[in-house]
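Architecture and fold: a report
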Amino acid sequence: MSHEPARASAIADLMRAGRENSRLSVVFRYAIADRLGLTVSDLECLDFLADVGPATAGQVAERTNLTTGAVTSMLRRLQQAGYVTAERDPADRRRVIVTLRPERTAELKQPYEHFAEQAERLIEGYSVEELRLLVRHFGRMQAMYLAELDRLRSGDTAQQSA
């Protein structure tokens, strides 16, 4: 008995689940941003800084896929709201180093707390091997997203197969 129809069905189910997860993630991000009085781009910037620490305005622009002009406006808005500091890089005065203000991180984490608790309970049931599989999967998906972003930013419209 061939497993090809079962595999094709499982792949289709996985792709559907991934698309729905992506859609819900976007809707969730909009709801969190709205709750905090921010835009989704603001939230992405703050999450990025929380993950990596201080970054240049150029790195923020690359991560958020915004123009440098849009990032300048966003950073000004986030500075005025007290979320970040932006200071000239002493080694290169043309660059600005953006830092998340640590006293604001608890406020940014609060809307995620319930979801984080549920996610923690969810993954308690996974074996170490299953967790490692998920980490590999997400790592590979991230690499694909980054490659596609590079392709889209470069204006390349050709489809490439891996």
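Everything numeric here is computed off the predicted structure, so don't read it as measured data.

**Overview of a nonpolar patch on the surface**
On the surface, Leu 122, Ile 123, Tyr 126, Leu 134 and Phe 138 cluster together to form a nonpolar patch covering roughly 450 Å² of accessible area. Where the nonpolar patch is concerned, the elements lending two or more residues are helix H6 (113-124) and helix H7 (128-154). Relative to the helices and strands, Leu 134 resides in helix H7.

**Describing helix H3 (residues 57-64)**
For H3, every residue scored as buried is listed here: Val 60, Ala 61 and Thr 64. Burial along H3 is one-sided: seen end-on, the buried residues are contained in an arc of 100°. At its buried positions, H3 is contacted by helix H2 (40-52), strand E1 (55-56) and helix H4 (68-80). Asn 65 occupies a position one or two residues after H3 and carries a positive phi of about 60°.

**Points about a negative patch on the surface**
A contiguous patch of negative charge, built from Glu 113, Glu 117, Glu 120 and Glu 124, is present on the exposed surface. Given the relative accessible area of 52%, Glu 120 is considered exposed.

**Quick word on H7**
With 27 residues, H7 should reach 39 Å at 1.5 Å per residue; the first-to-last C-alpha distance of 39 Å fits that figure. Once H7 ends, the next one or two residues include Gly 155, with phi positive near 85°.

Rules of the game
- Residues numbered from 1 in each chain as written.
- Predicted model: local features only at pLDDT ≥ 70, side-chain atom pairs only at ≥ 80, totals over all residues.
- Heavy atoms only, no water.
- Patch = residues over 30% accessible without salt bridge, like charges linked within 9 Å, V, L, I, M, F, W, Y side chains within 5 Å.
- Areas by Shrake-Rupley, 256 points an atom, 1.4 Å probe, with all protein chains shown as cover.
- Salt bridge = Lys/Arg side-chain N within 4 Å of Asp/Glu carboxyl O.
- Helix = DSSP H or I, 4+ residues; strand = E, 2+ residues; numbered from the N terminus.
- Buried < 20%, exposed > 50% of the residue type's maximum accessible area, 1.4 Å probe, protein only.
- Arc of directions from axis to C-beta.
- Contact = heavy atoms within 4.5 Å.
- Lys, Arg positive; Asp, Glu negative; His and termini not counted.
- Charge placed at Lys NZ, Arg CZ, Asp CG, Glu CD.
- Expected span 1.5 Å × (residues − 1).

Distances and angles like these do not, on their own, reveal function.
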